[in-house]
Each structure stands twice: as structure tokens, then as C-alpha cells.
Amino acid sequence: AQTVTQSQPEMSVQEAETVTLSCTYDTSESDYYLFWYKQPPSRQMILVIRQEAYKQQNATENRFSVNFQKAAKSFSLKISDSQLGDAAMYFCAYSYGGATNKLIFGTGTLLAVQP
Amino acid sequence: DGGITQSPKYLFRKEGQNVTLSCEQNLNHDAMYWYRQDPGQGLRLIYYSQIVNDFQKGDIAEGYSVSREKKESFPLTVTSAQKNPTAFYLCASSSLGQGAGLDTEAFFGQGTRLTVV
């Protein structure tokens, strides 16, 4: 069965600094999708960034980038120039896609941004 | 605007009652999902549906039931058999399939907070 592990329950970063959130996963599939979702205090789930496993290039969205290591089954999120609005719970998620496309989530990392 | 609407935002249930959470989407997505969120446990899949009139159990389906009579709607009923229903419930939808360039993003509603009183 596929699993997603986030080993950092809480992280803190100074405003304008860089922080990296860790995520590892386990799967026997060769083609799949990985996601980072942000959940602010409003509890609305917001997609931050997505990575297709068949792509070797790491995904980037403005200040957000990932370090995708397929062999190591690692998928970390780097937030550069952290802003107060980045404070939220961050969830790493896996999807096989295909006929179900259901997401499997990690337990989340609560990120605090210090002014 | 396209999106997913969950209602109500807050719901209170008495012991022994069944309650139904609403989820409607206008994104023309085939698949819809219900997740439960508890502190420290992330999101866990309750039920999902890939097509009208068909649905499958997720990891924690006991004490819950669903229906999918319309593509746009996927209501969740929390039955009296659910021993610990107090949680935050999220509905999501997505397209299906697999392949290069296919949009697999899941869109989420704003959630329903269910409390047993």
C-alpha cells in the first residue's frame, strides 16, 4: 500500500528566509503524481505545487520549488523569501492517477513564519 | 465561478442521530471524494466515486454512507454507527485518467465542521 510520511510536525522560519519541508513516500508504481497542499487557518485546501513522476525536472511555482528524488522516494518543498502569508499547515500527497486518482496524504507540517 | 460547495459550514449532531453533509461541484469532474481530517492524522479517505451511481469505500468507511445520483452531487451521511464523528470533513473532486499533461489536480470545498453534542 502507498504511504506518505512527513516527519516534521512543526517548523518555523524567519520572514524572508528559506525553509524546506520534508516528505517521503512509498509506492511500487513507476508513474504517479506528487503534490504539496497548503491549508491556512481558513482550512481551505490550496494546491501549491505538483510533480509528475515521469518528469525529471523539479517543479517550480514562483517562490515554491521541490526537490524530487525518485530513487530515494523523497519529495521536499522549498519556500524561498518566506512571507507571513505562508504560515499554514502543509500536506504532502500522492496520487496514482489512473482510474481512481485518489489522494493519499501525509500527516502535515505546521509552518510558522516569524516577523 | 466553478468550484465545490460544501454545506453547512458547521453542523451539530446529537447522539444517535444521522446527519447528511452536502457537496456540490460544477467543474464537470467525474470523480468525487470525501475526506475526514483529525488533528495529527492528516486527511483520511472515507468514500470516493468515479461515476454516477457507483462508489467505493475508502480507508475509514465504517459508520458512513454516500450516494451519487447526479454527477454534480456527492452527499455524505454520518450514521449513528460512527462512534467518533466529531471531525472536519472535506469534499474534493478531480478529473480521471493518467497521462502526460492530464490535469489531475483535486479541488476541495471549504469543509464542514461536525460536532457531537
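Before reading further, recall that the structure is shown in the block above.
These numbers come from a predicted model, not from an experiment.

## Focus on the overall build of chain A
The helix and strand inventory of chain A stands at 0 helices and 12 strands. For chain A, the N- to C-terminal ordering of α and β elements is β-β-β-β-β-β-β-β-β-β-β-β. Computed over C-alpha atoms, the radius of gyration of chain A comes to 14 Å, within 12% of the 13 Å expected from 2.2 N^0.38 for 115 residues, which places it in the range of a compact globule. Each principal axis of the C-alpha atoms in chain A carries an extent, and together these give about 45 × 25 × 20 Å. Within the span of chain A, comprising 115 residues, buried residues form 49% of the whole. Considering only residue pairs separated by 6 or more positions, chain A has 55% of its internal contacts joining residues 24 or more positions apart. For chain A, the exposed surface amounts to about 5,400 Å²; the carbon and sulfur share of it is 47%. If the 9 positive side-chain charges of chain A are averaged to one point and the 10 negative ones to another, these points end up 6 Å apart.

## Describing the state of the cysteines
Residue and element names in this part refer to chain B. Evaluation of the coordinates by the stated rule reveals 2 disulfides over all chains. Shown here is the disulfide that connects Cys23 with Cys91, its sulfur atoms set 1.9 Å apart. Given an S-S torsion of about -75°, the disulfide between Cys23 and Cys91 has left-handed geometry. With Cys23 in strand β3 (residues 19-25) and Cys91 in strand β9 (residues 87-94), this residue pair connects regions lying 68 residues apart in the sequence. With respect to class, Cys23 is no different from Cys91; both count as buried.

## So, the environment of Tyr10 of chain B
Within the element layout of this structure, Tyr10 of chain B appears in strand β2 (residues 10-13). Expressed as a C-alpha distance, the spacing of Tyr10 of chain B and Leu114 of chain B, which sit 104 residues apart in the sequence, is 6.1 Å.

## What about the sheet that holds strand β7 (residues 64-66) of chain B?
Residues and elements named next belong to chain B. Sheet architecture is open: 4 strands sit in the order β1-β3-β8-β7, paired in antiparallel fashion. At either margin of the open sheet sits one strand with a lone partner, and together these are β1 (4-7) and β7. Strand after strand, the sheet turns through a mean of 20° between neighbouring axes, direction not considered. As judged from the 3 bridges shared by β3 and strand β8 (residues 76-78), these two strands associate in the antiparallel manner. Along β8, the bridge assignment pairs Thr20 with Thr77.

## Overview of the pairing of strand β11 (residues 112-116) of chain B
Residue and element names in this part refer to chain B. Of the two faces of β11, only the one carrying Thr112, Leu114 and Val116 is buried; Arg113 and Thr115 on the other face are not. Bridge analysis of β2 against β11 gives 4 bridges, and the strand direction is parallel. The residue of β11 that forms the bridge with Arg13 is Val116. Looking at chain direction, β9 and β11 are connected through 3 bridges and run antiparallel. Its bridge partner being in β11, Ala87 is matched across the sheet by Leu114.

Basis of the calculations
- Every chain begins its residue count from 1, and numbering advances along the sequence as written.
- Whichever chain is written first is A, and whichever ligand is written first is 1; the rest continue in order.
- Two thresholds apply to this predicted model, a pLDDT of at least 70 for residue-level local features and 80 or more for giving and counting side-chain atom pairs, whereas whole-chain, interface and lining totals are computed over all residues.
- Hydrogens are left out, water is left out, and the side-chain values use all remaining heavy atoms of the structure.
- In DSSP terms, a helix is any run of H or I states spanning at least four residues, a strand is any run of E spanning at least two, and both are numbered starting from the N terminus.
- Throughout, radius of gyration means the C-alpha value; the globule benchmark is 2.2 Å times the number of residues raised to the power 0.38.
- For every residue, the accessible area obtained with a 1.4 Å probe (protein chains only) is divided by the maximum for its type, and the residue is called buried under 20%, exposed over 50%, and partly exposed between those limits.
- In this description, contact between two residues means that some pair of their heavy atoms is separated by no more than 4.5 Å.
- Here the accessible surface of atoms and residues is derived via Shrake-Rupley with a 1.4 Å probe, and residues count as covered only by protein chains that are part of the display.
- When charges are counted, Lys and Arg contribute as positive and Asp and Glu as negative, whereas His and the chain ends are disregarded.
- Charge coordinates come from a single atom per side chain, which is NZ of Lys, CZ of Arg, CG of Asp or CD of Glu.
- Here, the term disulfide refers to a pair of cysteine sulfur atoms separated by no more than 2.5 Å.
- Strand pairing is defined by DSSP finding a minimum of two bridges between the two strands.
- Angular values range over 0 to 180 degrees, each being the angle between N-to-C directions of two axes fitted as lines to C-alpha atoms, with helices fitted over their stretch in contact.

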